[in-house]
Amino acid sequence: MSVSFDVVVVGAGPAGSAAAMVAARAGRTVLLIERGAYPGAKNVSGAAFYAPQVLEALVPRFWDSAPLERVLTRRAICFTSPSSSLTVDFKNAGWAERPYNAFTLLRPRFDRWLAEQAVAAGATLLCETVVDELIRDGSGAVRGVRVRRPDGDIEAGVVVAADGVNSFLAKQAGLRGELDSHDVSLGVKEVIGLDRSTLEERFNLSGDEGMTYEFLGSVSGGVSGGAFLYTNRESLSLGVIVQVSSLAERRVRPQDLLEGFKAHPAVAPLVRGGRLIEYSAHMVPEAGVRMMPRLYGDGLLVAGDAAGLCFAVGLYLEGINYAIASGWAAGEAAAAALDRGRTDAQALAAYQSRLEQGFVLKDFRRYRSAPRFVMSERLQNVYPGLLTGLAEQVLRSGPEPKRKLISVARAELARAGLPMSQLVRDLVDGGRAFAW
Amino acid sequence: MVSTTLEEKLATVRFRPDEVPHITVDGEICKDCTLHSCVYACPANLFSLLSDGSIVFSHEQCFECGTCYVACNLEGAISWRYPGGGLGVSFRDS
């Protein structure tokens, strides 16, 4: 092999660029390989970037130079039935100031910028290059990658697989099996342009402030999943994210779900008058620890979506922060292992320890039962309707005598066909998932 | 327009198709399939079911999301890899 780097990172998304940046700063030679024409060309998120402190620790005052859309000061969670919606809408003006709580962004721009930071740290970025396989020695240890180019063998001390949700590299290395259609969701998304003043008036925003909507219930057309709508500077990012197994079972088309979502009475007024800028689709790893591969092997680390590190548990829909944090830990573990002259699995185990000690694996372990709970039939198809039904019964007016809450609740439970015992069991499950 | 057809949606996306399809469908295996999940799940509607029960596929407007092979219930029916470097879909504004 003629070309050799200390660390080869596959995939210039947030995980890969963070890994490359950290390893390069530790004095290592780093090659960051991206199959797209530029970093971000293949990447899709909502995109809301939570816990931006993770990036600030790597790139101080990143908001001065990073292409961000809006700083999030408002989060709304909306439960829907076909004709009604009940929204919990939280605003904190303090989130417009440091430490910022979250930003919206557009991935093709943001990922490009983040990869530039890795290059500024000394990494070499190689775009338009597909990694087809890992090169392994006789003992099975990873020694490099084979790219789809003439003389495409590249030697590496450590390979970081940050190759996204499909991670063929983690699979090839035997760190995970086939993806299960229950564990991944398909997101279909549109970016819809709106002029800035209309957008700010419509969403009650001032300056650079932005908001996110998360939708549960009938907006996903009976398919397990949910929907989102985020404000960018002069556009909206919105989409439907549905479990692949459920999508296949229901035999509906994702683009029809997206159209149904935009036509929902809670959504239609928000997107009115907008024009489609770009349609996109991507898979999301949503099952948490249930789908997590082994995170390291001899000469190999797995980070970001490739490691299943997307935190999708209803209230939270976060991935970029976990990608950056895991990439950072991978870059650090790779550099430390190389410093000690050992890159076997035992030497690279520090990667997982670091994730266990920080927020990444603490979050995933603490909320380990939440993904299944959120995707359960009743949470998807019964409770959102129950909530909107309750709200409707309490808030409607008419010439009949008003009932008190307990009688309304009993009637709604009966209408939903939900026995009290089931409700209690679900409350306990929900409590386990989210409360204790 | 806020409401758009799939054709209008796909017209907003830049694709530089690889000459070699990066996905192949094994018709022999597909013949035994009754679910045709790929036909429904693909967000670009690239799979079509013909009247003789076979599946035809076009790769030019593929998002490379992987949903088809994950949704597929028959092992080996869909072989999937990434298109060549720099080819395939390029998102710009998402």
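Everything that follows concerns the structure shown earlier in this document.
Nothing here was measured: the structure is a model prediction, and the numbers come from that model.

### Re the overall build of chain A
(1) Moving on: Counting its regular elements, chain A contains 17 helices and 19 strands.
(2) Moving on: For 436 residues, the compact-globule estimate of 2.2 N^0.38 gives 22 Å, and chain A sits close to it at 23 Å.
(3) Moving on: Each principal axis of the C-alpha distribution contributes one length, and for chain A these read about 85 × 50 × 40 Å.
(4) Moving on: Here chain A, with 436 residues, has 60% of them falling under the buried criterion.
(5) Moving on: Long-range contacts, defined here as pairs at least 24 residues apart, represent 72% of the contacts in chain A between residues at least 6 apart.
(6) Moving on: Of the accessible surface of chain A, which amounts to about 17000 Å², a share of 52% is contributed by carbon and sulfur atoms.

### Comments concerning the packing of helix α9 (residues 320-339) of chain A against helix α11 (residues 350-357) of chain A
Residues and elements named next belong to chain A.
(1) Moving on: With their axes 9 Å apart at the nearest point, α9 and α11 run at an angle of 145° to one another. Two packed elements cross with a definite hand, and for α9 against α11 that hand is right-handed. On the side of α9, the interface is formed by A325, S326, W328, A329, A330, E332 and A333, while α11 contributes A350, Y351, R354 and L355.
(2) Moving on: In the contact of α9 with α11, the residues fall into eight nonpolar, one polar and two charged.

### A short note on the pattern of salt bridges
Any two side chains of opposite charge can pair if their charged atoms end up close together.
Residues and elements named next belong to chain A.
(1) Moving on: Tallied over the full model, the rule gives 35 salt bridges over all chains.
(2) Moving on: Residue D339 is joined to R28 by a salt bridge in which the shortest nitrogen-to-oxygen separation is 2.5 Å. A residue pair is termed long-range when its members are at least 10 positions apart, and D339 in helix α9 and R28 in the loop between α1 (14-25) and β2 (30-33) qualify at 311 residues.
(3) Moving on: For D339, a relative accessible area of 53% corresponds to the exposed category.
(4) Moving on: D208 is paired through a salt bridge with R233; the nearest N and O atoms lie 3.6 Å apart.

### Comments concerning unusual backbone geometry
(1) Moving on: Put simply, A:G46 and A:A47 share a cis peptide bond, and its omega is 5°.
(2) Moving on: Along the chain, A:A47 falls in the loop between β2 and β3 (48-50).
(3) Moving on: With omega at -10°, the peptide bond leading from A:R98 into A:P99 counts as cis.
(4) Moving on: Assignment of secondary structure puts A:P99 in the loop between β5 (85-91) and β6 (102-104).
(5) Moving on: With a phi angle near 55°, B:H36 is a residue other than glycine that sits in the positive phi range.
(6) Moving on: By the secondary structure assignment, B:H36 is in the loop between α2 (27-30) and α3 (37-41).
(7) Moving on: Located in the positive-phi region is B:E64, a residue other than glycine, with phi close to 60°.
(8) Moving on: Relative to the assigned elements, B:E64 resides in the loop between β4 (55-57) and α4 (67-71).

### Some details on helix α3 (residues 107-120) of chain A
Residues and elements named next belong to chain A.
(1) Moving on: Here α3 is 14 residues long and its end C-alpha atoms lie 19 Å apart, about the 20 Å a rise of 1.5 Å per residue gives.
(2) Moving on: Packed against the buried residues of α3 are α1, β2, β3, α2 (53-56), β7 (124-126) and α9.
(3) Moving on: Once α3 ends, the next one or two residues include G122, with phi positive near 115°.

### Some remarks on helix α15 (residues 383-395) of chain A
Helical periodicity: at 3.6 residues per turn, an α-helix aligns residues three or four positions apart in one direction.
All names here are of chain A.
(1) Moving on: For α15, which comprises 13 residues, the first-to-last C-alpha distance of 18 Å matches the rise-based estimate of 18 Å (1.5 Å per residue) to within 8%.
(2) Moving on: Along α15, the positions that sit buried rather than exposed are Y383, P384, L386, T388, G389, A391 and Q393.
(3) Moving on: Where the residues of α15 are buried, they touch β4 (70-80), β5, β12 (209-217), α14 (377-381), α16 (405-415) and α17 (420-435).

### Looking at the interface of chain B and chain A
(1) Moving on: On the side of chain A, 55 residues touch chain B, which itself brings 45 residues to the contact.
(2) Moving on: Buried surface at the junction of chain B and chain A, both sides included, amounts to about 4000 Å², of which 51% is carbon and sulfur.
(3) Moving on: The largest contributions to the chain B side of the interface with chain A come from B:Y40, B:Y82 and B:S94, which together make up 20% of the buried area.
(4) Moving on: Viewed at the interface, chain A and chain B are joined by six salt bridges.
(5) Moving on: With a closest N to O distance of 2.6 Å, A:E190 and B:K9 form a salt bridge.
(6) Moving on: Viewed at the interface, chain A and chain B are joined by 27 residue pairs in polar contact (both at pLDDT 80 or more).
(7) Moving on: For the side of chain B that touches chain A, the secondary structure elements donating two or more residues are α1 (6-10), β1 (14-16), α3, α4 and β6 (88-90) of chain B.

### A look at the packing of aromatic side chains
Residue and element names in this part refer to chain A.
(1) Moving on: Under the criterion given, the structure shown has 30 aromatic pairs over all chains.
(2) Moving on: Ring plane angle 85° and centroid distance 5.5 Å describe the contact between F311 and Y367, whose orientation is recorded as edge-to-face. Of the two residues, F311 sits in strand β18 (residues 311-312) while Y367 sits in the loop between α12 (359-366) and α13 (370-374), which places them 56 residues apart along the sequence. Of the two residues, F311 and Y367, both sit in the buried class.
(3) Moving on: Put simply, the rings of F311, Y316, Y322, F359, F364, Y367, F373 and F434 touch in pairs and so form one group of aromatic residues.

About the criteria used
Residues numbered from 1 in each chain as written. Chains lettered and ligands numbered in written order. Predicted model: local features only at pLDDT ≥ 70, side-chain atom pairs only at ≥ 80, totals over all residues. Heavy atoms only, no water. Helix = DSSP H or I, 4+ residues; strand = E, 2+ residues; numbered from the N terminus. Rg over C-alpha atoms; globule rule 2.2 N^0.38 Å. Buried < 20%, exposed > 50% of the residue type's maximum accessible area, 1.4 Å probe, protein only. Contact = heavy atoms within 4.5 Å. Areas by Shrake-Rupley, 256 points an atom, 1.4 Å probe, with all protein chains shown as cover. Axes fitted to C-alpha atoms, helices over the stretch in contact; angles between N-to-C directions. Left-handed = near helix turned anticlockwise from the far one by under 90°. Nonpolar A, V, L, I, M, F, W, Y, C, P; charged D, E, K, R; others polar. Salt bridge = Lys/Arg side-chain N within 4 Å of Asp/Glu carboxyl O. Expected span 1.5 Å × (residues − 1). Buried area = accessible area lost by both parts, 1.4 Å probe. Polar contact = N/O pair within 3.5 Å; in protein donor to acceptor, adjacent residues only side chain to side chain. Phe/Tyr/Trp six-rings, centres within 6.5 Å; stacked < 30°, edge-to-face > 60°.

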